[in-house]
Amino acid sequence: MIRVLVLLVCLVAPAWGVPTVAELASVMGVDADGIARIQNGEIVSLDPSETSDRELAVGMMFFEKAAPSVVMQQFRRGGDLKADPNLRGSYPITGPGTVDDFAALQLAPNGTDEAKRWASATPGETLNLSTAEIATLDALGDGTSQADVEAAIRRILLARFQAYRTSGLAGIAPYARDGESRDVGGALRASTTASPVIAKFAPVLREVLLDYPSQKPADLEESFFWLAYDLDDRPNLTLRHRMAMPAGDGFVVADREFYVSQGYNEMQALAGFLPAEGGTVVFYVTRTSTDRAGGFGSSAKHAIGRKVMAREIEAIFERSRAGLAK
């Protein structure tokens with residue numbers, strides 16, 4: 001199952017006054033029926049355009065009769081990663097990073113089988129690796145222990161983190177596939193430019209997302225993590241970049257997974273808590289790219305994938321809304 005993370009972000013109203021629910025919803029492309037449902041307290045699905053046949057884009061929007069600060073804090077609790085039963089660990093990466101930042105890395109579940117996959121990696125969808133990374137693993141030789149494979153993975157993750165931290169999207173090595181490759185940096189760039197919401201409400205953050213690290217305003221807050229998930233009964237290792245910065249009286253946040261070891265290719269998500277007359281309009285949009293969604297039967301795969309992702313996100317929203325009602 002594709003992992004998603006609810007991001008919590010407070011966006012301010014335009015300088016000319018607090019907008020209505022209808023005004024904010026129309027910016028998101030919601031029709032009159034959807035606006036009425038949002039005003040009635042329902043969660044309404046958004047329909048963000050997808051940038052390729054491999055991208056799954058899902059969005060939701062609803063209204064709460066509470067101030068943005070109240071709603072935001074409740075959703076921080078409801079969307080806590082610790083509530084995810086598939087998460088094995090979330091670990092910060094500090095400064096320029098060292099291999100010690102990845103000391104907790106272990107291949108689990110089914111570590112023996114997974115170590116064999118890494119040690120015998122080839123271009124394809126089993127693991128997301130560059131041609132150079134595959135060569136590095138191949139050089140380990142036959143009979144390599146699980147501990148040696150894990151040590152090699154730590155070095156691979158550190159190198160990917162440092163390349164991204166230094167060069168941004170251009171520093172992300174593409175994944176090798178059979179006779180082709182997956183341009184992760186290009187996919188993340190397309191996800192950013194396809195979002196009219198960020199262009200309207202957070203144009204400075206949009207430039208940061210596109211041109212990091214050359215675009216790093218003084219008020220930008222950022223943090224890096226690596227995470228370990230259980231995905232399809234296999235470990236999934238990801239590198240995540242969170243960026244936050246003020247936007248008027250509030251702030252904006254973006255979460256970006258710029259490396260994923262298996263299951264999908266990359267993820268970028270935005271969320272918002274927008275002041276509106278009488279309360280707060282909440283939106284969330286996530287874009288995930290996966291080879292599983294492309295090719296033959298893409299339309300059906302997209303429909304199923306979106307439904308799965310939407311169900312996960314809505315469950316988190318409903319859990320948080322229940323807390324607000326207490």
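Since this is a predicted model, take the numbers as computed values, not measurements. (Residues numbered from 1 in each chain as written. Predicted model: local features only at pLDDT ≥ 70, side-chain atom pairs only at ≥ 80, totals over all residues. Heavy atoms only, no water.)

Caption draft 1: Region of the structure containing the overall build of the protein chain. Scanning the protein chain from N- to C-terminus turns up ten helices and ten strands. The burial tally for the protein chain puts 52% of its 326 residues in the buried class. Relative to all contacts within the protein chain whose residues are 6 or more apart in sequence, the contacts with residues 24 or more apart total 67%. Split by element, the accessible area of the protein chain, about 14100 Å² in all, is 52% carbon and sulfur. (Helix = DSSP H or I, 4+ residues; strand = E, 2+ residues; numbered from the N terminus. Buried < 20%, exposed > 50% of the residue type's maximum accessible area, 1.4 Å probe, protein only. Contact = heavy atoms within 4.5 Å. Areas by Shrake-Rupley, 256 points an atom, 1.4 Å probe, with all protein chains shown as cover.)

Caption draft 2: Expanded view of unusual backbone geometry. For the bond from A108 to P109, the omega torsion is 5°, close enough to zero to count as cis. Examined against the element boundaries, P109 turns out to sit in the loop between β3 (87–93) and α4 (111–119). Looking along the chain, the bond that leaves Y212 and enters P213 is cis, with omega of 5°. Tracing the backbone through its elements, the reader meets P213 in the loop between α9 (203–211) and β6 (221–231).

Caption draft 3: The packing of aromatic side chains, seen in detail. The final tally for this structure, using the stated rule, is eight aromatic pairs. Ring centres 6.1 Å apart and planes at 80° place the aromatic pair Y164 and F224 in the edge-to-face group. Of this pair, Y164 sits in helix α6 (residues 146–167) while F224 sits in strand β6, and the two are 60 residues apart along the sequence. Residue Y164 shares its accessibility class with F224, and that shared class is buried. (Phe/Tyr/Trp six-rings, centres within 6.5 Å; stacked < 30°, edge-to-face > 60°.)

Caption draft 4: Expanded view of helix α2 (residues 32–39). Where α2 is concerned, the buried positions are G34, I35 and I38. Viewed along the axis of α2, the buried residues span an arc of 100°, placing them on a single side of the element. Along its buried surface, α2 packs onto α1 (21–27), β1 (44–46) and β2 (55–64). (Arc of directions from axis to C-beta.)

Caption draft 5: Seen up close, the packing of α4 against α6. Packing of α4 against α6 leaves a shortest axis separation of 9 Å and a crossing angle of 60°. In terms of their interaxial angle, α4 and α6 are classed as oblique. By crossing handedness, the relation of α4 to α6 is classed as left-handed. From α4, G111, T112, A115, W118 and A119 reach across to α6, where they touch Q146, V149 and I153. Residue composition of the contact of α4 with α6, by class: five nonpolar, three polar and no charged. (Axes fitted to C-alpha atoms, helices over the stretch in contact; angles between N-to-C directions. Parallel < 35°, antiparallel > 145°, perpendicular 65-115°, else oblique. Left-handed = near helix turned anticlockwise from the far one by under 90°. Nonpolar A, V, L, I, M, F, W, Y, C, P; charged D, E, K, R; others polar.)

Caption draft 6: Highlighting the environment of L107. Of note, L107 is situated in the loop between β3 and α4. Residue classification places L107 among the buried residues on the basis of a relative accessible area of 3%. Placed 39 residues apart in sequence, L107 and Q146 show a C-alpha to C-alpha distance of 8.1 Å. L107 has contacts with E114, A115, W118, Q146, V149, E150, I153 and P235, leaving out every residue within four places of it along the chain.

Caption draft 7: Just the pairing of strand β9 (residues 266–276), in detail. Among the eleven residues of β9, eleven are classified as buried, and the element is accordingly described as predominantly covered. Neither face of β9 is open: one carries E266, Q268, L270, G272, L274 and A276, the other M267, A269, A271, F273 and P275, and all of them are buried. Alignment of β9 against strand β10 (residues 279–289), held across eleven bridges, turns out to be antiparallel. Along β10, the bridge assignment pairs P275 with T280. Adjacent in sequence and paired antiparallel, β9 and β10 are bridged by two residues, among which G278 carries a positive phi angle near 90°. (Pairing = 2+ DSSP bridges.)

Everything listed here is a matter of coordinates, which is why it stays silent on function.
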